[in-house]
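Observations on the three-dimensional arrangement
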Amino acid sequence: MSDSILIVDDERGIRETLRAVLEDEGFECEAVGSGEECLEAFARRAFGCVLLDVWLPGLDGLETLARMREFY
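Figured I'd write up the structure that's included with this text. Values in this document were obtained by computation on a predicted structure and should not be read as measured data.

Regarding the nonpolar core
Counting residues in hydrophobic clusters, the biggest one holds 11 residues: Leu6, Val8, Val32, Cys38, Leu39, Ala41, Phe42, Phe47, Leu56, Leu59 and Met68. Tallying contributions element by element places helix α2 (residues 35–44) first for this core, with 4 residues. Residues within four places of valine 32 in sequence aside, it is in contact with Leu6, Ile7, Val8, Asp9, Arg15, Glu37 and Cys38.

Okay, structure coming up:
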């Protein structure tokens, strides 16, 4: 299991704050702003944790999660 974290939130301030806090704690983070970007990142590599906003424009968090589950 990877100790990297994928942060998915359409609000840039939230992404940057979460990333800064988690990187200060020693985690490797990637932050994206949409469900579509999440799926692209998820297809490229494994993450130990995904922090996924439910209310995203376009492909919302619940649909993004459903598509992520199809990978397994």
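Continuing now.
Details of α2
Residues lying three or four places apart along an α-helix face the same way, a consequence of the helix completing one turn every 3.6 residues. Listed as buried for α2 are Gly35, Cys38, Leu39, Ala41 and Phe42. Taken around the axis of α2, the buried residues stretch over an arc of 165 degrees, which confines them to a single face. Set apart from the buried face of α2 by more than 90 degrees, the exposed residues are Glu40, Ala43 and Arg44. Where α2 is buried, its residues meet β1 (4–8), β2 (28–32), β3 (49–52) and α3 (61–70).

Comments concerning the packing of aromatic side chains
In total, this model carries 1 aromatic pair according to the counting rule given. Ring centres of phenylalanine 42 and phenylalanine 71 lie 5.2 Å apart, and the angle between their planes is 65 degrees; on these two criteria the pair is classed as edge-to-face. A residue pair is termed long-range when its members are at least 10 positions apart, and phenylalanine 42 in helix α2 and phenylalanine 71 in the segment after α3 qualify at 29 residues. In this structure phenylalanine 42 comes out as buried when scored by relative accessible area, which is 12%. Residue class for phenylalanine 71 comes out partly exposed when judged on its relative accessible area of 45%.

Definitions and limits used
Residues numbered from 1 in each chain as written. Predicted model: local features only at pLDDT ≥ 70, side-chain atom pairs only at ≥ 80, totals over all residues. Heavy atoms only, no water. Core = buried A, V, L, I, M, F, W, Y, C linked by side-chain atoms within 4.5 Å. Buried < 20%, exposed > 50% of the residue type's maximum accessible area, 1.4 Å probe, protein only. Helix = DSSP H or I, 4+ residues; strand = E, 2+ residues; numbered from the N terminus. Contact = heavy atoms within 4.5 Å. Arc of directions from axis to C-beta. Phe/Tyr/Trp six-rings, centres within 6.5 Å; stacked < 30°, edge-to-face > 60°.

Just geometry here; none of it tells us what the structure is for.
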